[in-house]
Amino acid sequence: KHFNYDVAILNSDFYLHSILGLNIPASGTYKIYNGKKYMLWETTAKYYAAGVLPTSFNDVTHWNIVLTSK
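These numbers were taken from a predicted model, which means no experiment stands behind them.

Peer 1: Lay out the overall build of the protein chain in plain terms, naming residues and giving numbers.
Peer 2: Each helix and strand counted, the protein chain has zero helices and five strands in total. For the protein chain, the sequential pattern of α-helices and β-strands runs β-β-β-β-β. The 70 residues of the protein chain split such that 27% are buried. Long-range contacts, defined as pairs at least 24 residues apart, comprise 44% of the intrachain contacts of the protein chain with a sequence gap of at least 6. Counting every atom, the protein chain has about 4,800 Å² of accessible surface; 56% of that belongs to carbon and sulfur. Mean positive and mean negative side-chain charge positions of the protein chain (6 and 4 charges, respectively) differ by 11 Å.

Following this line, the structure appears as structure tokens:
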């Protein structure tokens, strides 16, 4: 919020995990929510950039946006 980013929190009951989504101009794995494209970002493991998820949980159909900053 401090940097005015449009951020989303995504939860997965299937993967039992949470990740972030950033509404930024980038390429990679994303989820559309309310007409916005959120790049998915794994922040609990090292060396993953926005838009790149580990193959062990990269099926976006199992991720649901539960909260957005905007």
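Read on for the rest.
Peer 1: Which residues make up the pattern of salt bridges, and what values do they have?
Peer 2: Following the criterion strictly, the structure yields one salt bridge and no others. When the shortest N-O distance is used, the salt bridge between Asp6 and Lys36 registers 3.0 Å. A residue pair is termed long-range when its members are at least 10 positions apart, and Asp6 in the segment before strand S1 (7-12) and Lys36 in strand S4 (residues 36-41) qualify at 30 residues. On the accessibility criterion, Asp6 (7% relative accessible area) is buried. By relative accessible area, which is 27% here, Lys36 ends up partly exposed.

Cut-offs and rules
Residues numbered from 1 in each chain as written. Predicted model: local features only at pLDDT ≥ 70, side-chain atom pairs only at ≥ 80, totals over all residues. Heavy atoms only, no water. Helix = DSSP H or I, 4+ residues; strand = E, 2+ residues; numbered from the N terminus. Buried < 20%, exposed > 50% of the residue type's maximum accessible area, 1.4 Å probe, protein only. Contact = heavy atoms within 4.5 Å. Areas by Shrake-Rupley, 256 points an atom, 1.4 Å probe, with all protein chains shown as cover. Lys, Arg positive; Asp, Glu negative; His and termini not counted. Charge placed at Lys NZ, Arg CZ, Asp CG, Glu CD. Salt bridge = Lys/Arg side-chain N within 4 Å of Asp/Glu carboxyl O.

Everything listed here is a matter of geometry and, on its own, says nothing about what the molecule does.
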